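# Structural overview for review
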Amino acid sequence: MKTSKSTINTKAASSYIGKLCRHFRHKIETEYTATSGLATFPFGICEMSATPEHLFFNISASTLEGVEKIKGVLERHLVKFAYKEVLNIQWQDE
């Protein structure tokens, strides 16, 4: 299993999890609460969690290509939803 994770500094983490999961649920299966989320893509999954200061993404997929696809989807959508702030998204591949 290939994995990647990111910790993003933001005070709006809970809001972003809700926005991402509500947006994605039109095409894929999602689950979310105020502090956690799960998006199940055809090529892997992304677990999300929120604290008052951070948004955490944990991606796992069977291939590196799947991990990269999920990263791209998350980055494109998160940047769009976070138009009021600049987020530093750096991935740690494992």
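So, here's what we can say about the structure. In this text, all values refer to a predicted model and were calculated from it rather than measured experimentally.

It is worth spelling out the packing of aromatic side chains at this point. Working definition: an aromatic ring pair is given by the centre-to-centre distance plus the angle between the planes. Here the structure, examined in full by the defined rule, presents three aromatic pairs. Here Phe24 and Phe41 contribute two aromatic rings whose centre-to-centre distance is 5.6 Å and whose plane-to-plane angle is 65 degrees, an arrangement assigned as edge-to-face. Separated by 17 residues along the polypeptide, Phe24 in helix H1 (residues 13–24) and Phe41 in strand S3 (residues 36–41) bring together distant segments of the chain. The exposure classification of Phe24 matches that of Phe41, with both residues buried. Note on Phe57 and Trp91: the rings are 6.1 Å apart at their centroids and 15 degrees apart in plane angle, and the pair reads as stacked. Within this pair, whereas Phe57 is found in strand S5 (residues 54–61), its partner Trp91 is found in the loop between helix H2 (64–81) and strand S6 (92–93), the two being separated by 34 residues in sequence. You'll find Phe57 and Trp91 in the same group, each marked buried. Through a chain of ring-to-ring contacts, the aromatic side chains of Phe24, Phe41 and Phe43 assemble into a single cluster.

Here we come to the packing of H1 against H2. Relative orientation of the contacting elements H1 and H2 amounts to 120 degrees, with a least axis distance of 10 Å. Relative to H2, the element H1 is oriented oblique. Like other packed secondary-structure pairs, H1 and H2 cross with a definite hand, here right-handed. Facing H1, whose interface residues are Tyr16, Lys19, Leu20, His23 and Phe24, H2 presents Val73, Leu74, His77, Leu78 and Phe81. Residues belonging to the contact of H1 with H2 are distributed by class as follows: seven nonpolar, two polar and one charged.

This next bit is on the pattern of salt bridges. On inspection of all chains with the given rule, the structure shows five salt bridges. A salt bridge links Glu53 to Lys11, with the nearest nitrogen and oxygen atoms 3.1 Å apart. Placement of the pair is Glu53 in the loop between strand S4 (44–50) and S5 and Lys11 in the loop between strand S1 (2–9) and H1, with a sequence separation of 42 residues. The exposure class assigned to Glu53 is partly exposed, which follows from its relative accessible area of 40%. Note that Lys71 and Glu68 form a salt bridge whose closest N and O atoms lie 3.0 Å from each other. With Lys71 and Glu68 both in helix H2 and three residues apart, this pair spans about one turn of that helix. Note on Lys71: relative accessible area 7%, which makes it buried.

Further remarks concern the pairing of S4. Residues Gly44, Cys46, Met48 and Ala50 point to one face of S4 and are all buried, whereas Ile45, Glu47 and Ser49, pointing to the other face, are not buried. Pairing of S3 with S4 involves six bridges; the strand directions are antiparallel. Bridge pairing links Ser36 to Ser49 in S4. Hairpin remark: S3 followed by S4, antiparallel, with two residues in the connecting loop. Pairing between S4 and S5: six bridges, direction antiparallel. Among the inter-strand pairings, Met48 is bridged to a residue of S5, identified as Phe57.

Each value, and the rule that gives it
Residues numbered from 1 in each chain as written. Predicted model: local features only at pLDDT ≥ 70, side-chain atom pairs only at ≥ 80, totals over all residues. Heavy atoms only, no water. Phe/Tyr/Trp six-rings, centres within 6.5 Å; stacked < 30°, edge-to-face > 60°. Helix = DSSP H or I, 4+ residues; strand = E, 2+ residues; numbered from the N terminus. Buried < 20%, exposed > 50% of the residue type's maximum accessible area, 1.4 Å probe, protein only. Axes fitted to C-alpha atoms, helices over the stretch in contact; angles between N-to-C directions. Parallel < 35°, antiparallel > 145°, perpendicular 65-115°, else oblique. Left-handed = near helix turned anticlockwise from the far one by under 90°. Contact = heavy atoms within 4.5 Å. Nonpolar A, V, L, I, M, F, W, Y, C, P; charged D, E, K, R; others polar. Salt bridge = Lys/Arg side-chain N within 4 Å of Asp/Glu carboxyl O. Pairing = 2+ DSSP bridges.

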